[in-house]
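# Close look at the chain arrangement
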Protein chains: 2
Amino acid sequence: MRIAFIGLGHMGGPMARNLVKAGHRLRVFDLSAEAVQGLVAAGDAHSGDTQQVQAAASPADAARDAECVITMLPAARHVEVVLCGPDGDPARGVLASVPRGVPLIDCSTIDPATVQRLARLAAAQGNPLADAPVSGGTGGATAGTLTFMVGATPELFAQLQPVLQGMGQHIVHCGATGMGQVAKICNNLLLAVSMVGVAEAMSLGASLGIDPQVLAGILNTSSGRCWSADTYNPYPGVMPNVPAARGYSGGFGVDLMLKDLGLANEAARQVHQPLPLGAQALQLYEMWSRQGHGQLDFSSIIRMLQGQRPA
Amino acid sequence: MRIAFIGLGHMGGPMARNLVKAGHRLRVFDLSAEAVQGLVAAGDAHSGDTQQVQAAASPADAARDAECVITMLPAARHVEVVLCGPDGDPARGVLASVPRGVPLIDCSTIDPATVQRLARLAAAQGNPLADAPVSGGTGGATAGTLTFMVGATPELFAQLQPVLQGMGQHIVHCGATGMGQVAKICNNLLLAVSMVGVAEAMSLGASLGIDPQVLAGILNTSSGRCWSADTYNPYPGVMPNVPAARGYSGGFGVDLMLKDLGLANEAARQVHQPLPLGAQALQLYEMWSRQGHGQLDFSSIIRMLQGQRPA
C-alpha cells in the first residue's frame, strides 16, 4: 500500500518503521530533516530499494498519490495545519492534494471536538477520517504492540484494521469519529486519579506502620484493586520491573499525563461535566512538573505526597 | 469455646449467630434487649440448649468466665467504654473481669491509635488484644464469608484463626496490633477515590457520546482497570447485579464510606500525610449524604456528578 506518513517523532518514527517492515511504500514528512532521512534509510535497509520510503516536500506532497494518510502529531494545532495547510497557504495541506475517497487516520492524541470538526471538512471533499490515538508508549511503538482506540464508521474501521495491525496489537473500535479520543482521555483521567489514590493509600499505610508489601497484597485482593496498584505500584520496593524500581525513569511521563488530563478537563468544560478529582489530579501533576519532574514517570507523584525527592 | 460477644447490631448479630452454629457457647451483651433475646433464642433453636447463649448484665459480666472476648461496636468511644467501663464505673468493663491471658478481639472499625492504646491497657493486665475489622457487609456477616484484616502477633494470630474462621472466609494477617485497621482504612480510602474516578470517567465519556458499555470494556482492559469499574460499575445499565442496576439500594452505604474516609483523614492528620484526593472524596460523600442519600450504596456518587436524582 502507498501510505503518506506525517509526523516522525518519538512515536511516529518507530510506527512508520513498522509499516516499512510490513512492506508498505511510504511518502513521509516531518519538520526534522534528520527524522525524514532516518526513515528513508530504514526503507533502503529493509528492502534495498531507496524508493520504498520517499521524502516529501510538504504534507500535500506526501498525500498526493497516497492510498492512506496517517498523521501522528503533538497537538491539535499541528493536525489542523497538516490537514488544512498553514494560514493563507492551504495548498500545502493534505486536503489540497489527497485523492477523493482516500482515508485519513489521525493517531495523535487531541480533543474530540477538533477531530470531529476536521472530519467534517475531510468528508466534504470525500475523504473519511478516523481518529486512532494509541497507548503503549515508545516501547510499544517500537515493538509494534500499541493499542489503537479507533473512532470510525464500522466500514472504515474494517478497512483500516489491516494497516493498524502493522503497528499495533490491539485495535479497538470505540464508536463513531472522535470516540477513540474520548476513550483515551477517559481512561487516562481514571488512570491519573487511580495512581494518586494508590499513592495516597500506600503512603498513608507506610506512615502508619504497615509493611508496604503486605498492604499492596491486601489492596490487590480487595476492593481497592487496580492497575496502578497491582501492575504499576508506585511505592519503591513493592514490585520489580516498574518505574518505581528504577528511580521513576522510563514509563509514561508526568508531562504526557498532564497533556491528557488537560484534554479531559477541557472536554469536560465543554459538556459541563464536573470532574472534582480529575481537576485536582491535574493540579497535583502540574505542581510536580513545575518542581522539575515533568520527564519522570507519572507514578513518581507518590514522592511529592511523601515530601521526598524522586530517587 | 466459651466466648463473650459484645455488640449484636447489623454486623455483630449475624456474626454471633455463626459462632452459635459452629457450636461455641456465648455470653452476649448489647444495649438492645431485643437483640440479646434474639441471640438467646438462636442458641436454643440451634442446640435445644437454652444455656448455649446466655444474656449478660454488662460487658464485665459477659467476660468473667470467657476464653475469648469479641467486640463489634460502632465507634472508638463504644469500644473504650466496653473495655474500660463507663466514666467512674470501671467495674462494668471487660478489663475488670476478664481472666488473665484471655485474648480480646475487636472487630469494630476504629482508628489505629485507639486500638494501640487499648492494647497497651489490656497487655498491662495480661490480656493480648487483636484488631480484626471486616469487609463484606451484612451479607458477608450472615453468610459467614467476611474478610478479617487482623493486627496481632504471629502467635496470637495463629491462636485466633479458628474462631475467626467460624465467621469469615478470608483471615488476613496484616501485621502488629493496629495494622488490621490500617489495612482497612487504606483500602477503603483507595476504594472511594477509585469509585469517584470511575464515576467521573464514565460520566465524561457518556456526556461526550461514547457508548457506556463500550467505554467500560475499554477501561476494564486498559490501565484504568479497577474493581470499581470491572466489578461494581456505577453507571446504570453497564453491569447486572450491582447496586447501579437496582437504584443503588443494598451494597455499602454512603454513610459507612464516610465513616471510613473520616478515619483515614484523621489518621493521616496525625502522621502529617497529605491526602489531596482522599480529602476531596470525603467532601463529595459528605455533600451527597447531606443531600439525603446517606443510606444509598456509595456507587450512587455518580448521580451527583451527573446532576441527577438517584433513581
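One numbering rule holds for all chains: residues counted from 1, following each sequence as written. Labels are handed out in written order, letters beginning with A for the chains and numbers beginning with 1 for the ligands. Two thresholds apply to this predicted model, a pLDDT of at least 70 for residue-level local features and 80 or more for giving and counting side-chain atom pairs, whereas whole-chain, interface and lining totals are computed over all residues. The side-chain numbers reported here are obtained from all heavy atoms of the structure, hydrogens and water having been left aside.

## Thoughts on the overall build of chain A
- Helix and strand counts for chain A stand at 13 helices and 9 strands.
- For chain A, whose C-alpha radius of gyration is 21 Å, the value lies close to the compact-globule estimate of 19 Å for 311 residues.
- Projected onto its principal axes, the C-alpha positions of chain A cover 65 × 45 × 35 Å.
- Whether a residue is buried, partly exposed or exposed follows from its accessible area with a 1.4 Å probe, protein chains only, as a fraction of its type maximum: under 20%, in between, or over 50%, in that order. Counting over 311 residues, chain A shows a buried share of 59%.
- Should any heavy atoms of two residues lie within 4.5 Å, those residues are counted as being in contact. In chain A, 64% of the contacts between residues at least 6 apart in sequence involve partners at least 24 apart. Strands are runs of DSSP state E lasting at least two residues, helices are runs of H or I lasting at least four, and both sets are numbered from the N terminus onward. All radius of gyration figures rest on C-alpha atoms, and the globule criterion is 2.2 Å times the number of residues raised to 0.38.

## As for the packing of aromatic side chains
- Ring pairs shown here join Phe, Tyr and Trp side chains whose ring centres sit within 6.5 Å, with only the six-membered ring taken for Trp; geometry is labelled stacked below 30 degrees between planes, edge-to-face above 60, and tilted in between. Within the structure shown, the criterion is met by 6 aromatic pairs over all chains.
- Taken together, the ring pairs connect A:W227, A:Y232, A:F252 and A:F298 into an aromatic cluster.

## Points about the nonpolar core
- Core analysis: the biggest nonpolar cluster contains 110 residues, and A:M202, A:Y285, A:I301, B:M202, B:Y285 and B:I301 have the highest contact counts within it.
- Beyond its immediate chain neighbours, meaning those up to four positions away, B:M202 contacts B:P212, B:L215, B:A216, B:L219, B:N233, B:Y235, B:V238 and B:I302.
- Here, nonpolar core refers to any group of buried Ala, Val, Leu, Ile, Met, Phe, Trp, Tyr and Cys residues whose side-chain atoms link them within 4.5 Å. Of all hydrophobic cores here, the second largest spans 35 residues; its members include A:C68, A:I70, A:V163 and A:I171.

## Details of helix α12 (residues 276–293) of chain B
- With 18 residues, α12(B) extends 24 Å between its outermost C-alpha atoms, agreeing within 8% with the 26 Å of an ideal straight helix rising 1.5 Å per residue.
- Of all the residues in α12(B), the buried ones are B:P276, B:L277, B:G278, B:A281, B:L282, B:L284, B:Y285, B:W288, B:S289 and B:H293. To estimate the expected span of a helix, count its residues, drop one, and scale the result by 1.5 Å.

## Re the environment of B:I6
Residue and element names in this part refer to chain B.
- With respect to the secondary-structure elements, I6 resides in strand β1 (residues 2–6).
- For the pair I6 and A63, spaced 57 residues apart in sequence, the C-alpha to C-alpha distance is 9.2 Å.
- In this structure, I6 is in contact with F29, P59, A62, V69, I70, T71, M72, L73, V82 and V94, ignoring residues within four places of it in sequence.

## Some remarks on the relation of the copies chain A and chain B
- Take chain A, turn it by 180°, move it 0.0 Å along the axis, and it overlays chain B with an RMSD of 0.0 Å. The relationship between the two copies is best expressed as a two-fold rotation axis. Identified as the residue of chain A closest to the rotation axis by C-alpha distance is A:C226, at 2.0 Å.
- Of the residues that chain A buries at the interface, 98% are likewise interface residues in chain B, meaning the two copies contact each other through the same surface. The superposition of copies rests on a least-squares fit of C-alpha positions from residues with pLDDT of 70 or more in both.

## Some thoughts on the domain arrangement of chain A
All names here are of chain A.
- Note that the domain bounds reflect an automated or database-derived domain assignment. Domain parsing of chain A yields domain 1 (2–176) and domain 2 (182–306).
- Here the C-alpha centroids of domain 1 and domain 2 sit 31 Å apart.
- On the domain 1 side of the interface with domain 2, the three residues burying the most area are T109, P112 and M149, jointly 55% of the side's total.
- A pair is scored as a salt bridge if a Lys or Arg side-chain nitrogen falls within 4 Å of a carboxyl oxygen belonging to Asp or Glu. There are 0 salt bridges connecting domain 1 and domain 2.
- Each polar contact in these results corresponds to two N or O atoms within 3.5 Å; when the atoms are within protein, one needs to be able to donate a hydrogen and the other to accept it, and residues that are neighboring in sequence are counted only if both atoms are side-chain atoms. For the interface between domain 1 and domain 2, the tally reads 4 residue pairs in polar contact (both at pLDDT 80 or more). Defined in terms of a 1.4 Å probe, buried area is the accessible area two parts forfeit on being brought together, summed over both.

## A closer look at the side chain of A:T147
- Here A:T147 lies in strand β8 (residues 146–151).
- Filtering out sequence-adjacent residues up to four positions away, A:T147 remains in contact with A:P133, A:V134, A:S135, A:H170 and A:V172.

## Description of the interface of chain A and chain B
- Between chain A and chain B, the contact holds 54 residues from the first and 53 residues from the second.
- Together, the buried faces of chain A and chain B total about 4,600 Å²; carbon and sulfur atoms form 70% of this surface.
- Between the two partners, chain A and chain B, sit 2 salt bridges.
- Residues B:D230 and A:R225 are paired through a salt bridge, measuring 3.0 Å at the closest nitrogen-oxygen approach.
- Looking at the side of chain A that touches chain B, the elements that each hand over two or more residues are β9 (168–175), α8 (179–208), α9 (212–220), α10 (227–230), α11 (254–270) and α12 (276–293) of chain A.
- Here the side of chain A that touches chain B gets 22 residues from one element, more than from any other, and that element is α8(A).
- Amino acids outside the nonpolar list (Ala, Val, Leu, Ile, Met, Phe, Trp, Tyr, Cys, Pro) and the charged list (Asp, Glu, Lys, Arg) are all regarded as polar, and Gly is one of them. Taken together, the residues of the side of chain A that touches chain B sort by class into 35 nonpolar, 16 polar and 3 charged.

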